[in-house]
Amino acid sequence: MKNILITGGAGYIGSHTAVELVKAGFEPIILDNFSNSEKSVLDGLKQILGRELICYDEDCNDRGAVAKIFEKHQLSGVIHFAAYKAVGESTQVPLNYYRNNVDSLLVILDCMAKYGVKDLVFSSSCTVYGQPDTLPVTENTPRKEAESPYGNTKKICEDILRDYVKSGADTRIISLRYFNPVGAHPTSAIGELPLGTPNNLVPFITQTAAGIREKLTVFGDDYDTADGSCVRDYIHVVDLADAHVKSLAFLAQKAGNLYDIFNVGTGKGNTVLEVINTFEQVAGKKLNYTIGKRRPGDVEKVWADTGKITEVLGWQPQFTLEDSLRDSWNWQLKLVEKG
Ligand code: WQD
(Lines give C-alpha, C1' and ligand atoms only; values in the text may rest on other atoms or scores of the structure.)
Protein backbone atom coordinates (compact mmCIF):
# COMPACT_ATOMS: atom_id res chain seq x y z
CA MET A 1 0.00 0.00 0.00
CA LYS A 2 1.38 3.47 -0.89
CA ASN A 3 1.40 5.36 2.40
CA ILE A 4 1.16 9.13 2.02
CA LEU A 5 1.78 11.42 5.00
CA ILE A 6 -0.65 14.36 4.96
CA THR A 7 0.42 17.11 7.32
CA GLY A 8 -2.59 19.24 8.25
CA GLY A 9 -4.65 16.27 7.06
CA ALA A 10 -7.59 17.09 9.34
CA GLY A 11 -7.90 20.54 7.80
CA TYR A 12 -10.25 21.72 5.06
CA ILE A 13 -8.19 20.79 2.00
CA GLY A 14 -6.25 18.03 3.76
CA SER A 15 -9.36 16.07 4.75
CA HIS A 16 -10.86 16.26 1.25
CA THR A 17 -7.51 15.15 -0.17
CA ALA A 18 -7.45 12.16 2.19
CA VAL A 19 -10.74 10.99 0.63
CA GLU A 20 -9.47 11.35 -2.94
CA LEU A 21 -6.21 9.58 -2.05
CA VAL A 22 -8.09 6.53 -0.74
CA LYS A 23 -10.27 6.51 -3.87
CA ALA A 24 -7.07 6.46 -5.95
CA GLY A 25 -5.60 3.53 -4.00
CA PHE A 26 -3.27 5.38 -1.65
CA GLU A 27 -3.23 5.06 2.15
CA PRO A 28 -3.26 8.51 3.80
CA ILE A 29 -1.60 8.92 7.21
CA ILE A 30 -2.76 12.12 8.90
CA LEU A 31 -0.56 14.37 11.02
CA ASP A 32 -2.40 17.32 12.58
CA ASN A 33 -2.04 19.31 15.81
CA PHE A 34 -5.72 20.36 15.61
CA SER A 35 -4.81 24.01 16.11
CA ASN A 36 -7.13 24.91 13.24
CA SER A 37 -9.32 21.81 12.84
CA GLU A 38 -11.50 19.52 14.92
CA LYS A 39 -11.44 15.80 15.76
CA SER A 40 -14.98 15.59 14.34
CA VAL A 41 -13.36 15.72 10.89
CA LEU A 42 -12.05 12.20 11.54
CA ASP A 43 -15.65 11.02 12.11
CA GLY A 44 -16.65 12.60 8.82
CA LEU A 45 -13.82 10.81 7.04
CA LYS A 46 -14.91 7.50 8.61
CA GLN A 47 -18.47 8.14 7.43
CA ILE A 48 -17.27 8.61 3.83
CA LEU A 49 -14.59 5.90 3.78
CA GLY A 50 -16.27 3.30 5.98
CA ARG A 51 -13.14 2.98 8.05
CA GLU A 52 -10.80 5.00 10.25
CA LEU A 53 -7.58 6.52 9.02
CA ILE A 54 -4.35 6.59 11.04
CA CYS A 55 -4.03 10.04 12.62
CA TYR A 56 -1.23 11.46 14.76
CA ASP A 57 -2.17 14.44 16.95
CA GLU A 58 1.28 16.01 16.71
CA ASP A 59 2.94 19.26 15.66
CA CYS A 60 4.90 19.40 12.41
CA ASN A 61 7.56 21.42 14.19
CA ASP A 62 8.16 18.58 16.66
CA ARG A 63 11.05 16.94 14.86
CA GLY A 64 11.09 13.88 17.14
CA ALA A 65 7.39 13.22 16.71
CA VAL A 66 7.58 13.59 12.94
CA ALA A 67 10.65 11.33 12.72
CA LYS A 68 8.78 8.62 14.65
CA ILE A 69 6.07 8.62 11.99
CA PHE A 70 8.64 8.28 9.22
CA GLU A 71 10.31 5.43 11.19
CA LYS A 72 7.05 3.61 11.74
CA HIS A 73 5.54 3.90 8.28
CA GLN A 74 7.11 3.11 4.92
CA LEU A 75 6.06 6.36 3.22
CA SER A 76 5.80 6.77 -0.56
CA GLY A 77 5.29 10.51 -0.36
CA VAL A 78 4.23 13.55 1.64
CA ILE A 79 1.64 16.28 1.10
CA HIS A 80 2.48 19.27 3.28
CA PHE A 81 -0.64 21.32 4.05
CA ALA A 82 0.07 22.23 7.67
CA ALA A 83 0.48 26.01 8.00
CA TYR A 84 -1.17 29.03 9.56
CA LYS A 85 -3.16 30.73 6.82
CA ALA A 86 -5.07 33.76 8.11
CA VAL A 87 -3.83 36.72 6.09
CA GLY A 88 -4.96 39.37 8.59
CA GLU A 89 -3.67 37.48 11.64
CA SER A 90 -0.27 37.08 9.97
CA THR A 91 0.20 40.88 10.01
CA GLN A 92 -0.35 40.88 13.81
CA VAL A 93 1.86 37.90 14.73
CA PRO A 94 4.33 37.58 11.85
CA LEU A 95 6.98 35.66 13.83
CA ASN A 96 4.47 32.90 14.63
CA TYR A 97 3.80 32.60 10.90
CA TYR A 98 7.46 32.52 9.87
CA ARG A 99 8.35 30.03 12.61
CA ASN A 100 5.42 27.71 12.02
CA ASN A 101 5.14 27.82 8.24
CA VAL A 102 8.84 27.79 7.37
CA ASP A 103 10.27 25.59 10.16
CA SER A 104 7.66 22.89 9.60
CA LEU A 105 8.71 22.59 5.95
CA LEU A 106 12.36 22.23 6.98
CA VAL A 107 11.43 19.45 9.43
CA ILE A 108 9.56 17.60 6.68
CA LEU A 109 12.42 17.97 4.18
CA ASP A 110 14.98 16.73 6.72
CA CYS A 111 12.86 13.69 7.60
CA MET A 112 12.24 12.89 3.93
CA ALA A 113 16.01 12.93 3.27
CA LYS A 114 16.78 10.85 6.35
CA TYR A 115 14.20 8.17 5.58
CA GLY A 116 14.57 8.14 1.78
CA VAL A 117 11.11 9.55 0.96
CA LYS A 118 11.41 11.33 -2.36
CA ASP A 119 8.02 12.75 -3.38
CA LEU A 120 6.50 15.93 -1.91
CA VAL A 121 3.48 18.03 -2.86
CA PHE A 122 3.55 21.47 -1.24
CA SER A 123 0.52 23.67 -0.57
CA SER A 124 1.25 27.09 -2.03
CA SER A 125 -1.08 29.93 -2.94
CA CYS A 126 -2.00 32.39 -5.69
CA THR A 127 -1.29 35.04 -3.09
CA VAL A 128 2.33 34.92 -4.31
CA TYR A 129 1.19 36.75 -7.45
CA GLY A 130 -0.17 39.78 -5.57
CA GLN A 131 -2.02 41.96 -8.10
CA PRO A 132 -0.75 40.59 -11.43
CA ASP A 133 -0.10 43.04 -14.29
CA THR A 134 -1.59 40.63 -16.81
CA LEU A 135 -4.45 38.13 -16.49
CA PRO A 136 -5.00 35.22 -16.36
CA VAL A 137 -1.85 34.37 -14.39
CA THR A 138 0.45 31.64 -15.63
CA GLU A 139 3.16 29.96 -13.56
CA ASN A 140 5.65 32.30 -15.26
CA THR A 141 3.83 35.41 -14.12
CA PRO A 142 6.34 37.21 -11.91
CA ARG A 143 5.62 36.88 -8.18
CA LYS A 144 5.01 40.21 -6.52
CA GLU A 145 5.96 41.66 -3.16
CA ALA A 146 3.87 39.61 -0.69
CA GLU A 147 0.78 41.45 0.58
CA SER A 148 1.14 39.78 4.00
CA PRO A 149 3.56 37.75 6.13
CA TYR A 150 1.35 34.74 5.34
CA GLY A 151 1.89 35.25 1.60
CA ASN A 152 5.59 35.80 2.21
CA THR A 153 5.93 32.46 3.99
CA LYS A 154 4.53 30.79 0.87
CA LYS A 155 7.07 32.60 -1.34
CA ILE A 156 9.91 31.70 1.04
CA CYS A 157 8.87 28.04 1.12
CA GLU A 158 8.73 27.94 -2.69
CA ASP A 159 12.26 29.41 -2.79
CA ILE A 160 13.48 26.82 -0.25
CA LEU A 161 12.11 24.00 -2.40
CA ARG A 162 13.60 25.46 -5.59
CA ASP A 163 17.07 25.92 -4.02
CA TYR A 164 16.97 22.50 -2.33
CA VAL A 165 16.28 20.68 -5.61
CA LYS A 166 18.82 22.87 -7.41
CA SER A 167 21.41 21.73 -4.84
CA GLY A 168 21.01 18.21 -6.23
CA ALA A 169 18.82 16.78 -3.47
CA ASP A 170 17.38 13.42 -4.49
CA THR A 171 13.76 14.54 -4.30
CA ARG A 172 10.81 15.26 -6.56
CA ILE A 173 8.62 18.20 -5.54
CA ILE A 174 5.52 19.98 -6.86
CA SER A 175 4.16 23.26 -5.47
CA LEU A 176 0.46 23.78 -6.11
CA ARG A 177 -0.64 27.43 -6.15
CA TYR A 178 -4.24 27.35 -4.93
CA PHE A 179 -6.69 30.01 -6.03
CA ASN A 180 -9.79 30.29 -3.86
CA PRO A 181 -10.84 26.91 -2.39
CA VAL A 182 -14.60 26.71 -1.77
CA GLY A 183 -17.30 24.07 -1.42
CA ALA A 184 -17.52 20.88 0.63
CA HIS A 185 -17.71 17.14 0.07
CA PRO A 186 -20.98 16.32 -1.78
CA THR A 187 -21.92 13.94 1.09
CA SER A 188 -21.78 16.90 3.56
CA ALA A 189 -19.74 14.65 5.85
CA ILE A 190 -16.77 17.06 5.74
CA GLY A 191 -16.38 20.71 4.79
CA GLU A 192 -14.86 24.02 5.77
CA LEU A 193 -14.75 24.66 9.53
CA PRO A 194 -13.77 28.29 10.00
CA LEU A 195 -12.94 28.85 13.67
CA GLY A 196 -14.57 32.07 14.89
CA THR A 197 -15.69 34.76 12.46
CA PRO A 198 -14.91 33.62 8.91
CA ASN A 199 -12.44 35.76 6.95
CA ASN A 200 -13.31 34.11 3.66
CA LEU A 201 -16.28 35.01 1.48
CA VAL A 202 -18.15 31.74 1.05
CA PRO A 203 -18.34 30.62 4.70
CA PHE A 204 -19.44 34.15 5.58
CA ILE A 205 -22.18 33.91 2.95
CA THR A 206 -23.43 30.53 4.21
CA GLN A 207 -23.33 31.62 7.87
CA THR A 208 -25.29 34.77 6.96
CA ALA A 209 -27.85 32.71 5.04
CA ALA A 210 -28.11 30.37 8.04
CA GLY A 211 -28.77 33.33 10.37
CA ILE A 212 -25.49 32.92 12.26
CA ARG A 213 -24.22 36.29 10.94
CA GLU A 214 -26.56 39.24 10.62
CA LYS A 215 -25.33 40.37 7.19
CA LEU A 216 -22.48 40.12 4.72
CA THR A 217 -20.45 43.22 3.86
CA VAL A 218 -19.17 43.30 0.30
CA PHE A 219 -15.72 44.87 0.59
CA GLY A 220 -15.98 47.48 -2.15
CA ASP A 221 -17.88 47.84 -5.40
CA ASP A 222 -15.71 50.57 -6.93
CA TYR A 223 -13.09 48.34 -8.50
CA ASP A 224 -12.37 48.26 -12.22
CA THR A 225 -14.42 45.07 -12.80
CA ALA A 226 -17.73 44.14 -14.48
CA ASP A 227 -19.84 45.13 -11.45
CA GLY A 228 -17.23 46.92 -9.33
CA SER A 229 -16.62 44.04 -6.90
CA CYS A 230 -13.40 42.00 -6.78
CA VAL A 231 -12.75 39.02 -9.04
CA ARG A 232 -11.41 35.66 -7.82
CA ASP A 233 -11.07 32.12 -9.18
CA TYR A 234 -13.23 29.91 -6.96
CA ILE A 235 -12.26 26.25 -7.16
CA HIS A 236 -14.19 23.34 -5.62
CA VAL A 237 -12.19 21.74 -2.81
CA VAL A 238 -12.69 18.23 -4.30
CA ASP A 239 -11.20 19.40 -7.61
CA LEU A 240 -8.32 20.87 -5.63
CA ALA A 241 -7.90 17.57 -3.74
CA ASP A 242 -7.76 15.69 -7.04
CA ALA A 243 -4.90 17.94 -8.21
CA HIS A 244 -2.83 16.59 -5.27
CA VAL A 245 -3.55 12.99 -6.21
CA LYS A 246 -2.57 13.61 -9.82
CA SER A 247 0.60 15.39 -8.64
CA LEU A 248 1.66 12.34 -6.58
CA ALA A 249 0.92 9.96 -9.44
CA PHE A 250 3.02 12.16 -11.73
CA LEU A 251 5.96 12.31 -9.30
CA ALA A 252 5.89 8.56 -8.67
CA GLN A 253 6.67 7.79 -12.30
CA LYS A 254 9.52 10.30 -12.51
CA ALA A 255 13.20 9.48 -12.04
CA GLY A 256 15.94 11.81 -10.78
CA ASN A 257 15.01 15.04 -9.10
CA LEU A 258 12.63 17.82 -10.09
CA TYR A 259 10.78 20.85 -8.86
CA ASP A 260 7.72 22.18 -10.65
CA ILE A 261 4.90 24.60 -9.95
CA PHE A 262 1.24 24.45 -11.05
CA ASN A 263 -1.67 26.85 -10.75
CA VAL A 264 -4.82 25.17 -9.48
CA GLY A 265 -7.94 27.16 -10.31
CA THR A 266 -10.88 26.88 -12.69
CA GLY A 267 -9.39 29.31 -15.23
CA LYS A 268 -12.48 31.53 -14.77
CA GLY A 269 -12.97 34.61 -12.58
CA ASN A 270 -16.18 35.59 -10.78
CA THR A 271 -16.99 38.82 -8.98
CA VAL A 272 -18.17 38.84 -5.37
CA LEU A 273 -21.62 39.98 -6.49
CA GLU A 274 -21.79 37.14 -9.04
CA VAL A 275 -20.98 34.69 -6.23
CA ILE A 276 -23.77 36.19 -4.11
CA ASN A 277 -26.28 36.04 -6.98
CA THR A 278 -25.31 32.45 -7.77
CA PHE A 279 -25.65 31.51 -4.11
CA GLU A 280 -29.15 33.06 -3.95
CA GLN A 281 -30.20 30.96 -6.94
CA VAL A 282 -28.67 27.76 -5.55
CA ALA A 283 -30.04 28.24 -2.01
CA GLY A 284 -33.36 29.68 -3.20
CA LYS A 285 -33.14 32.56 -0.74
CA LYS A 286 -32.09 36.19 -0.72
CA LEU A 287 -28.86 37.05 1.07
CA ASN A 288 -28.70 40.01 3.46
CA TYR A 289 -25.69 42.04 2.36
CA THR A 290 -24.48 45.61 2.14
CA ILE A 291 -21.74 47.30 0.18
CA GLY A 292 -18.93 48.49 2.42
CA LYS A 293 -15.45 49.90 2.13
CA ARG A 294 -12.59 48.08 0.41
CA ARG A 295 -10.63 45.61 2.59
CA PRO A 296 -6.96 46.67 2.89
CA GLY A 297 -4.63 44.29 1.06
CA ASP A 298 -7.29 42.94 -1.26
CA VAL A 299 -6.20 42.23 -4.79
CA GLU A 300 -8.64 43.68 -7.37
CA LYS A 301 -8.78 40.72 -9.72
CA VAL A 302 -6.94 37.44 -10.13
CA TRP A 303 -7.73 34.18 -11.88
CA ALA A 304 -5.66 31.30 -13.20
CA ASP A 305 -4.42 30.12 -16.54
CA THR A 306 -4.69 26.33 -15.97
CA GLY A 307 -3.16 25.22 -19.28
CA LYS A 308 -0.03 23.79 -17.68
CA ILE A 309 -1.68 21.53 -15.06
CA THR A 310 -4.12 20.26 -17.67
CA GLU A 311 -1.36 19.48 -20.15
CA VAL A 312 1.22 18.01 -17.74
CA LEU A 313 -0.93 16.36 -15.05
CA GLY A 314 -4.10 15.75 -17.10
CA TRP A 315 -6.13 17.60 -14.44
CA GLN A 316 -9.37 19.46 -15.23
CA PRO A 317 -11.91 20.98 -12.81
CA GLN A 318 -15.10 18.89 -12.72
CA PHE A 319 -17.25 21.13 -10.51
CA THR A 320 -18.88 24.47 -11.30
CA LEU A 321 -19.34 27.51 -9.06
CA GLU A 322 -22.96 26.41 -8.61
CA ASP A 323 -21.76 22.98 -7.42
CA SER A 324 -19.37 24.63 -4.96
CA LEU A 325 -22.03 26.91 -3.51
CA ARG A 326 -24.60 24.12 -3.32
CA ASP A 327 -22.13 21.87 -1.47
CA SER A 328 -21.09 24.72 0.86
CA TRP A 329 -24.75 25.47 1.64
CA ASN A 330 -25.63 21.81 2.28
CA TRP A 331 -22.60 21.54 4.57
CA GLN A 332 -23.67 24.69 6.46
CA LEU A 333 -27.18 23.24 6.91
CA LYS A 334 -25.62 20.03 8.24
CA LEU A 335 -23.56 22.04 10.77
CA VAL A 336 -26.70 23.89 11.91
CA GLU A 337 -28.53 20.56 12.25
CA LYS A 338 -25.66 19.12 14.36
CA GLY A 339 -25.81 22.26 16.54
C1 WQD B 1 -12.57 36.76 -1.58
C2 WQD B 1 -13.27 38.03 -2.04
C3 WQD B 1 -12.98 39.92 -0.59
C4 WQD B 1 -15.23 38.34 2.79
C5 WQD B 1 -7.64 34.40 0.78
C6 WQD B 1 -6.18 34.35 1.01
C7 WQD B 1 -5.55 33.41 0.01
C8 WQD B 1 -6.23 32.08 0.06
C9 WQD B 1 -7.74 32.23 -0.16
C10 WQD B 1 -4.98 30.59 1.46
C11 WQD B 1 -12.41 39.28 -1.84
C12 WQD B 1 -14.45 39.50 -0.66
C13 WQD B 1 -14.61 38.46 1.55
C14 WQD B 1 -16.32 39.21 3.12
C15 WQD B 1 -16.13 40.23 0.96
N16 WQD B 1 -6.00 31.45 1.31
N17 WQD B 1 -15.07 39.38 0.67
N18 WQD B 1 -16.73 40.11 2.19
O19 WQD B 1 -8.73 37.21 0.18
O20 WQD B 1 -9.15 36.21 -2.14
O21 WQD B 1 -7.86 34.94 -0.48
O22 WQD B 1 -8.21 33.12 0.86
O23 WQD B 1 -4.21 30.18 0.65
O24 WQD B 1 -4.20 33.29 0.37
O25 WQD B 1 -5.65 35.64 0.81
O26 WQD B 1 -10.30 35.22 -0.13
O27 WQD B 1 -12.56 34.71 0.62
O28 WQD B 1 -11.19 36.37 1.96
O29 WQD B 1 -12.08 37.03 -0.26
O30 WQD B 1 -16.52 41.06 0.13
O31 WQD B 1 -16.92 39.16 4.23
O32 WQD B 1 -14.44 38.22 -1.25
O33 WQD B 1 -12.88 41.34 -0.62
O34 WQD B 1 -12.63 40.15 -2.93
P35 WQD B 1 -9.01 36.02 -0.68
P36 WQD B 1 -11.57 35.81 0.64
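Use the structure listed above.
Residues numbered from 1 in each chain as written. Predicted model: local features only at pLDDT ≥ 70, side-chain atom pairs only at ≥ 80, totals over all residues. Heavy atoms only, no water.

Sorry if this is basic, but what is going on with the site of the ligand here?
Around the ligand, the structure places 18 residues, and the nearest of them are Tyr150, Leu201, Thr217, Arg232 and Asp298. One nitrogen or oxygen atom from the side chain of Tyr150 is found 2.6 Å from an oxygen atom belonging to the ligand. Taking 690 Å² as the accessible area of the ligand by itself, protein coverage stands at 90%. Per-element tally for the shell around the ligand: the top contributor is strand β8 (residues 216-219), with four residues. (Near = heavy atom within 4 Å. Polar contact = N/O pair within 3.5 Å; in protein donor to acceptor, adjacent residues only side chain to side chain. Areas by Shrake-Rupley, 256 points an atom, 1.4 Å probe, with all protein chains shown as cover. Helix = DSSP H or I, 4+ residues; strand = E, 2+ residues; numbered from the N terminus.)

For this particular structure, what's the right way to read unusual backbone geometry?
Leaving glycine out, the prevailing phi sign among residues is negative, and the prevailing peptide bond configuration is trans. Residues Leu135 and Pro136 are joined by a peptide bond in cis, for which omega reads -5°. Its identity as a non-glycine residue notwithstanding, Ser188 has a phi of 60°, on the positive side. On the basis of relative accessibility, which here comes to 9%, the residue Ser188 falls in the buried class. (Buried < 20%, exposed > 50% of the residue type's maximum accessible area, 1.4 Å probe, protein only.)

What's the story with the sheet that holds strand β1 (residues 2-7) in this structure? I'm lost.
Adjacent strands of a sheet pair through backbone hydrogen bonds, lying either parallel or antiparallel. One open sheet holds the seven strands; their spatial order is β3-β2-β1-β4-β5-β6-β11, and the pairing between them is parallel. On the outer flanks of this sheet lie β3 (54-56) and β11 (258-264), each paired with one strand and no other. Between one strand axis and the next, the sheet turns by 20° as a mean value, whatever way the strands run. Bridge analysis of β1 against strand β4 (residues 75-80) gives five bridges, and the strand direction is parallel. What sits directly across from Thr7, in β4, is His80. Seen against the sheet, helix α5 (residues 94-115) touches β1, β4, β5 (119-125) and β6 (172-178) and runs at an angle of roughly 170° to β5. Packing of helix α6 (residues 149-166) onto the sheet brings it into contact with β5, β6 and β11, and relative to β5 it is tilted by some 150°. (Pairing = 2+ DSSP bridges. Axes fitted to C-alpha atoms, helices over the stretch in contact; angles between N-to-C directions. Contact = heavy atoms within 4.5 Å.)

Quick question: what am I supposed to make of the packing of helix α1 (residues 12-23) against helix α2 (residues 40-49) here?
Think of two packed helices as two axes; the pair is described by the angle between the axes and how far apart they sit. Put simply, α1 and α2 touch, their axes get as near as 10 Å, and they point 25° apart. Regarding the angle of α1 to α2, the classification is roughly parallel. Along this stretch, α1 crosses α2, giving a crossing that reads as right-handed. Of the residues in α2, those touching α1 at Ser15, Ala18, Val19 and Val22 are Val41, Leu45, Ile48 and Leu49. Its residues placed into classes, the contact of α1 with α2 shows seven nonpolar, one polar and no charged. (Parallel < 35°, antiparallel > 145°, perpendicular 65-115°, else oblique. Left-handed = near helix turned anticlockwise from the far one by under 90°. Nonpolar A, V, L, I, M, F, W, Y, C, P; charged D, E, K, R; others polar.)

I'm lost on the pairing of β1 in this one. Help?
Looking down a regular strand, the side chains alternate between one sheet face and the other. Most of β1 is tucked away: five of the six residues are buried. Examined bridge by bridge, β1 and strand β2 (residues 26-31) share six bridges and lie parallel to one another. Looking at β2, one finds that Thr7 is bridged to Leu31. For the crossover that starts at β1, traverses α1 and ends in the parallel β2, the hand is right-handed. (Right-handed = clockwise from strand over helix to strand, strands pointing away.)

It is not clear to me how α5 should be interpreted in this structure. Could you clarify?
Taking 1.5 Å of rise per residue, 22 residues should cover 32 Å, and α5 covers 32 Å from first to last C-alpha, within 8% of that figure. Of the positions making up α5, those classed as buried are Tyr97, Asn100, Asn101, Val102, Ser104, Leu105, Val107, Ile108, Leu109, Cys111 and Met112. Where α5 terminates, the next one or two residues include Gly116, which has phi positive at roughly 70°. (Expected span 1.5 Å × (residues − 1).)

What should I look at first to understand the side chain of Arg177 in this one?
Of note, Arg177 is situated in strand β6. A distance of 2.9 Å separates a polar atom in the side chain of Arg177 from a polar atom in the side chain of Tyr129. Setting aside anything within four residues of it in sequence, one finds Arg177 in contact with Ser124, Ser125, Cys126, Val128, Tyr129, Glu139, Arg143, Glu158, Ile261, Phe262, Asn263 and Val264.

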